[in-house]
Amino acid sequence: MDREGSQDSGEGEGGEEDKNGVPEQEQATDTAEQTLDQEQADGADTSCDPSHGVIEEFTDVKHESEFSLETNFMEEESGDCNADKRDSNSSQASSEDPFKQHMDKELEEKEVEKLSTLPKTSTQSKWARLGQLTFSSTVETNKTLKADKEVAAKQLYLHKPLESTWPKVNKQFLSSVNKPSDPSFTPLQRELFCIMNTYRDLFYPERSALTNGEEIRHAYCLHALNHVLKANAQVLSNNAKRRDQKPGTDSEDYRDQGLTRPKVLMIVPFRECALRIVHILISLLEVNDKRKIDVSNKKRFKGEFGSDPEEKPPNLKRPEDYEAVFAGNIDDHFRIGVAILQKSMRLYAPFYSSDIIIASPLGMRTIIGAEGEKKRDFDFLSSIEILIIDQADIYLMQNWEHVLHLMKHINLLPLDSHGVDFSRVRMLNLNNWSKYYRQTLLFSALQDPHINSVFNKHCFNYVGQVAVRNVPLSGSISHVMVQLPHVFRRLEAENLTSVVDTRFQFFIDKVLPEYRDAIMSHTLIYVPSYFDYVRLRNYFKKEQLNFTYICEYTKKAAVCRARRFFLKGEKQFLLFTERFHFYKRYTIKGIRNLIFYELPTYSHFYSEICNMLKATDSGVDATWTCTVLYSKYDAQKLAAVVGIDRTAQMLQSKKNVHLFVTGENE
């Protein structure tokens, strides 16, 4: 199960927040089915392939020829042959166009060998808005890329109609301080797009659903759509040239396609995210109110990806960041193909007729399948040129294995030809070098070893990579509002693989004995890893300790009982998983002693959990304690909690560190 525990909608019988949980996934599914029934009544073609399980694949026969790249031509698509040929000549044929420079570059075998074997060289740079950047590359010389302080539309090589639509679509994020010469980008968007437009890989670990999330979404949608429009215009233009060629003349080599049509893959966590992306893409294609683009299957899309505002209980009280992340339809099992021509868009396009695929990791996992399964398909991933992974941190809370599974199946040679015209396929695709041309854009709310590993080990872009590497100065401990002594206990592990066992042994030998006494009751043990949680739960049962537990799989009634037992002191220990906190954010009352078995994935969870102590009106705050286990391999998480200066001191010293927060440091 993905989104572990997120389907429990409340806190159980008698729970104070019983009716205030996240809408159950079953409810969202019912809504989609009702909409689908309506579409069928309206005569929509909803033939599907039952082999793909929960998600019904949509085959839109009626629009197949209309959106086929092979049978359309530039003038038919645009209506103004001469104008678009001029646009094609200026934008497509320009040697300075980043799209042309990137896709037309012909790598040599020696360079590919270097990309596969040699380590990357890195340089550092500091930009005004993004901060500290690390540029790394194997083949290309690490030229110091400077942020454009002012961006002229012509310099960006935006394809028609994006030059005119982007300023209008992005207007909501712009302020009056924007320079007249740069009216269309925020400072953050300008620097991000400057990197995206060079086709370098990008890792930005400071995405916030509350502040800059939508800014970033608009920027990468602009880049993705710009890429697709240029690629399709090139094919359509070449179609016209081939058709107009006189018989008997030597045919030119028009290599302008991949082995399969999908060019952009966008990985997002929830249906609401896909809904917002599609809305942005539509807005970017609509020049004005009078020139609306034709969007096929829009009604079905709105029904399946939209949400009913009345489903959300009015009294739900959660932190602002929770509200921002879990807005709208939060179903996490979906995938949808989008085909784009300049004046029209086709939703639910079959993948092999799509330009853009928008999906969740689970949606990808269920179609890619596993080795040995009869019904599986990943050929459509063979020629992906831009991979966008947004909100990567949320996949740590869902199932990270799905992300790794996707990365192992992207840019592989297809098992079937899928009707491709090999005379039009680029040599880079025929040589199986697609992964060296793929640009990966990775956005996350935090730095994490798992996310870093994907960026470092699964991205092979010949142009190189850019990673934002800012360090936190203060840390979330400054937001703890209760007077509380924090004891950071260091454990020594020989290597990264032995940390899990070392932590467990350290906990049961050194930490737990200090809390077995009845005087240390009301102890909450915060456990980020579900596997660690299971191990601890089994040990506590074996030792017959007086404890209860709450995890992402715990039923509503059991959660309610566990909270009540813990509050009344009938259970001395409460094992509490990070994923449960991520999906529910309940306030646990009755805590007097806190143990962080491991530092939290999200640094602000540290202060949130600590601040739960003030929910207990017992007047015994002087006896409150907080113990944190950490090792030298937790440097990133530690810095996010205590700040970079304290982290450096703590990693140098092998002694336990005692910090006292007065509650006035916010």
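Residues numbered from 1 in each chain as written. Predicted model: local features only at pLDDT ≥ 70, side-chain atom pairs only at ≥ 80, totals over all residues. Heavy atoms only, no water.

Taking an unreviewed UniProt entry as the reference, the chain is identified by name as U3 small nucleolar RNA-associated protein 25 homolog belonging to Athene cunicularia. Note on the chain: under the UniProt heading Subcellular location (unreviewed entry), the record states "Nucleus, Nucleolus". (UniProt positions renumbered as here; feature names shortened; annotations may be inferred.)

S.K.: Looking at this structure, I do not really get the nonpolar core. What am I missing?
M.R.: Taken as a class, soluble globular proteins show a tendency for nonpolar side chains to be buried jointly. Counting residues in each nonpolar core, the largest one holds 149 residues, and the members touching the most others are Tyr220, Met345, Met364 and Phe488. Lining this core are residues from two domains, each supplying at least three of them: domain 1 (98–241 + 254–310 + 317–468) and domain 2 (476–662). In terms of nonpolar packing, the next biggest core, distinct from the first, is built from 23 residues, Ile508, Tyr515, Val527 and Phe573 among them. (Core = buried A, V, L, I, M, F, W, Y, C linked by side-chain atoms within 4.5 Å. Buried < 20%, exposed > 50% of the residue type's maximum accessible area, 1.4 Å probe, protein only. Domains from an automatic or database assignment.)

S.K.: So what exactly am I meant to see when it comes to the environment of phenylalanine 531 here?
M.R.: Summarising the element assignment, phenylalanine 531 is placed in helix α20 (residues 530–542). As a C-alpha pair, phenylalanine 531 and valine 500 span 31 residues in sequence and 9.7 Å in three-dimensional space. (Helix = DSSP H or I, 4+ residues; strand = E, 2+ residues; numbered from the N terminus.)

S.K.: Teacher, can you tell me more about the pattern of salt bridges here?
M.R.: All chains considered together, the criterion is met by 25 salt bridges. With a closest N to O distance of 2.7 Å, glutamate 214 and arginine 217 form a salt bridge. Separated by three residues within a single helix, glutamate 214 and arginine 217 lie in helix α9 (residues 213–244), roughly one turn from each other. Across the salt bridge formed by arginine 490 and glutamate 492, the nearest N and O atoms sit 2.8 Å from each other. On the accessibility criterion, arginine 490 (8% relative accessible area) is buried. The exposure class of glutamate 492 is partly exposed, given its relative accessible area of 42%. Taken together, the shared-partner salt bridges in this structure form one network comprising Arg207, Glu214, Arg217, Glu272, Arg276 and Asp390. (Salt bridge = Lys/Arg side-chain N within 4 Å of Asp/Glu carboxyl O.)

S.K.: Just to check I follow, could you spell out the packing of helix α7 (residues 162–169) against α9 for this structure?
M.R.: The geometry of a pair of packed helices is captured by two quantities: the angle between their axes and the separation between those axes. For the pair α7 and α9, interaxial distance at closest approach is 12 Å and the crossing angle is 165 degrees. Taken together, the axes of α7 and α9 are roughly antiparallel relative to one another. The crossing of α7 and α9 is right-handed. Here Leu162, Trp166 and Val169 of α7 lie close against α9, whose contacting residues are His218, Ala219, Leu222, Leu225, Asn226 and Leu229. The class makeup of the residues in the contact of α7 with α9 is seven nonpolar, two polar and no charged. (Axes fitted to C-alpha atoms, helices over the stretch in contact; angles between N-to-C directions. Parallel < 35°, antiparallel > 145°, perpendicular 65-115°, else oblique. Left-handed = near helix turned anticlockwise from the far one by under 90°. Contact = heavy atoms within 4.5 Å. Nonpolar A, V, L, I, M, F, W, Y, C, P; charged D, E, K, R; others polar.)

S.K.: What am I meant to see in the pairing of strand β15 (residues 573–577) here?
M.R.: Remember that side chains alternate between the two faces of the sheet whenever the strand is regular. With five of its five residues buried, β15 lies for the most part within the structure. Neither face of β15 is open: one carries Phe573, Leu575 and Thr577, the other Leu574 and Phe576, and all of them are buried. In terms of strand pairing, strand β14 (residues 547–550) meets β15 through four bridges, oriented parallel. The residue bridging tyrosine 549 from the neighbouring strand is leucine 575, located in β15. Between β14 and its parallel partner β15, the chain crosses via helix α21 (residues 556–568), and the hand of that crossover is right-handed. (Pairing = 2+ DSSP bridges. Right-handed = clockwise from strand over helix to strand, strands pointing away.)

S.K.: Help me understand the pairing of strand β11 (residues 465–468) in this model?
M.R.: Covered by surrounding structure in β11 are Gln465 and Ala467 together with Val466 and Val468, the residues of both alternating faces. Strand direction decides the pairing type here: strand β3 (residues 201–204) and β11, joined by three bridges, are parallel. Within the sheet, the bridge partner assigned to aspartate 201 lies in β11 and is glutamine 465.

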